[in-house]
Amino acid sequence: MGDIPAVGLSSWKASPGKVTEAVKEAIDAGYRHFDCAYFYHNEREVGAGIRCKIKEGAVRREDLFIATKLWCTCHKKSLVETACRRSLKALKLNYLDLYLIHWPMGFKPPHPEWIMSCSELSFCLSHPRVQDLPLDESNMVIPSDTDFLDTWEAMEDLVITGLVKNIGVSNFNHEQLERLLNKPGLRFKPLTNQIECHPYLTQKNLISFCQSRDVSVTAYRPLGGSCEGVDLIDDPVIQRIAKEHGKSPAQILIRFQIQRNVIVIPGSITPSHIKENIQVFDFELTQHDMDNILSLNRNLRLATFPITKNHKDYPFHIEY
Ligand SMILES: NC(=O)C1=CN([C@@H]2O[C@H](COP(=O)(O)OP(=O)(O)OC[C@H]3O[C@@H](n4cnc5c(N)ncnc54)[C@H](OP(=O)(O)O)[C@@H]3O)[C@@H](O)[C@H]2O)C=CC1
Ligand SMILES: O=C1CO[C@H](CO)[C@@H](O)[C@@H]1O
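As a starting point, this report considers the structure included with it. (Residues numbered from 1 in each chain as written. Chains lettered and ligands numbered in written order. Predicted model: local features only at pLDDT ≥ 70, side-chain atom pairs only at ≥ 80, totals over all residues. Heavy atoms only, no water.)

1. Some words on the site of ligand 2
Next up, step 1: Near ligand 2 you find Trp12, Tyr40, His102, Trp103, Arg221 and Ala303, and these make up its full shell.
Next up, step 2: Contacts to ligand 2 include Tyr40, whose side-chain N or O atom sits 2.6 Å from an oxygen atom.
Next up, step 3: One nitrogen or oxygen atom from the side chain of Trp103 is found 2.7 Å from an oxygen atom belonging to ligand 2.
Next up, step 4: Burial of ligand 2 by the surrounding chains reaches 83%, relative to a free accessible area of 290 Å².
Next up, step 5: Across the shell around ligand 2, the residue classes tally to four nonpolar, one polar and one charged. (Near = heavy atom within 4 Å. Polar contact = N/O pair within 3.5 Å; in protein donor to acceptor, adjacent residues only side chain to side chain. Areas by Shrake-Rupley, 256 points an atom, 1.4 Å probe, with all protein chains shown as cover. Nonpolar A, V, L, I, M, F, W, Y, C, P; charged D, E, K, R; others polar.)

Following this line, the structure appears as C-alpha cells:
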C-alpha cells in the first residue's frame, strides 16, 4: 500500500482541450498526484499531459500517483475489470496507483453491446452522459441489484492481477465503510475514502472514523467548488487568516486539510492557480487558525447527487 501525495490536481470539469495543458503545468509546478474519473470523460486528455511530460524526461511514471474511479454503472462484478481497462486505455497507462469506487451506489448497467463498443474509445466519448445516468420516468436514477461488497471483491482482483496498486472508495458514509471493513474474507482495505470536505462541511466525525480505522481521507471540493453560489474564498475568516499569513485564501483552504492529515485535490485549469495551490508547504496555521476555520462548519453539502436519493445505498441519509 503506497502513500498518497498530500496535494493532487483534480480533473473534474476540466474540459478536453484545457486539461492536457493543466496537467503539464501541474507536473512542472511539482504535482505528482492526479485525480481522474471515467465519469469526467477527460481521462484521454489527462493521459496525454502525463505522457508528454514523461517523454520530455520531466518525470518518470513511477514518480506519479494516478487515481481514477469506477463509475456506478459498472458495479456488477463482471464489469469491473472492463471498466478499469477502459480507463487505463484512455489514460494510456498500464497500471493505476489507485482505483476508487466512485459512489457506493450501483446503477443499471448499459446495454451489453454498448459496453463492448466502449473499447472503441471514440464511440464511448461521443455517448457519455445518457448511459452514465440511467433514469426512470420520474428522472430518478435506476439502480442495479449490486452490493458494493461484491464490487469490492472484483476491485481486489484488480490488485492481484496488477492492473492497480491500491483500491479505495469515495462518498462512503461511516456505516458503509464499517460494513466494508468488516467484510468476511476482506483481502485489501480501502486506502482512502474520498469525500466532500471544506470549512463549510468539515466532516469531523467521518474523518475521525476513517483515521481511527487507518483509512486515509481525501478532500474533494476543498475550495467549495466552482458554482452553486458558495464562495469560500470570499469568507471573511478565510480572508483574514490569509492576510495574516501573506497567503491566498485558496492556500489557507488547502493547508487546513493538510494539517488535519487529509489529502486534498483542488481542481484548476488556470496556470497561476495551479502553481499557487501547491505552494502550501512553507507556512503553518496556528491552532487558533485551525479552530476558527473549523468553527465555520455548517454541514453544507454541495455534492448531494439528488437523482440518487431513493437508492438503497444513498450515503447521505445519515449524519456522517
Ligand atoms: N468523488 C466525487 O464524487 C467527487 C470528486 N470531486 C473531485 O474533486 C475535485 C475538486 O472539486 P471541484 O468541484 O473542482 O472544486 P474545488 O473546490 O477544487 O474548486 C475548483 C474551482 O476553484 C477555482 N480555483 C482553483 N484554484 C483557485 C485559486 N487558487 N484561487 C481561486 N480560485 C481557484 C477553480 O477555477 P480555475 O480552474 O480557474 O482555477 C474552480 O472553479 C474535482 O475536480 C473532482 O476530481 C468533485 C466532486 C465529487
Ligand atoms: O465526481 C463527481 C463530480 O461532481 C459530481 C456532481 O456533484 C458528482 O456526481 C461526481 O461524483
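Structure's up, so let's keep going.
2. Some details on the site of ligand 1
Next up, step 1: By nearness alone, 29 residues border ligand 1, and Ser10, Leu223, Ser268, Thr270 and His273 come closest of all.
Next up, step 2: Measuring from an oxygen atom of ligand 1, one finds a backbone N or O atom of Gly224 at 3.2 Å.
Next up, step 3: At 2.8 Å, a backbone N or O of Gly267 approaches an oxygen atom of ligand 1.
Next up, step 4: If ligand 1 stood free it would expose 910 Å²; the protein chains cover 86% of that surface.
Next up, step 5: Ranked by residue count, the leading element in the shell around ligand 1 is helix α12 (residues 271-278), at three residues.
Next up, step 6: For the shell around ligand 1, a count of residues per class yields 11 nonpolar, 14 polar and four charged. (Helix = DSSP H or I, 4+ residues; strand = E, 2+ residues; numbered from the N terminus.)

3. Some words on the pattern of salt bridges
Next up, step 1: Within the structure shown, the criterion is met by 18 salt bridges.
Next up, step 2: One salt bridge connects Lys77 with Glu153, and the closest N-O pair in it is separated by 2.6 Å. You can see Lys77 sitting in helix α3 (residues 77-91) and its partner Glu153 sitting in helix α7 (residues 148-161), a full 76 residues away along the chain.
Next up, step 3: With a relative accessible area of 41%, Lys77 lands in the partly exposed category.
Next up, step 4: Across the pair Lys247 and Asp282 runs a salt bridge, and its minimum N-O distance is 2.9 Å. Separated by 35 residues along the polypeptide, Lys247 in the loop between α10 (236-245) and α11 (249-258) and Asp282 in the loop between α12 and α13 (287-294) bring together distant segments of the chain.
Next up, step 5: On the basis of relative accessible area, Lys247 is assigned to the buried category, the value being 18%.
Next up, step 6: When salt bridges that share partners are traced, they join Asp28, Lys53 and Glu56 into one network. (Salt bridge = Lys/Arg side-chain N within 4 Å of Asp/Glu carboxyl O. Buried < 20%, exposed > 50% of the residue type's maximum accessible area, 1.4 Å probe, protein only.)

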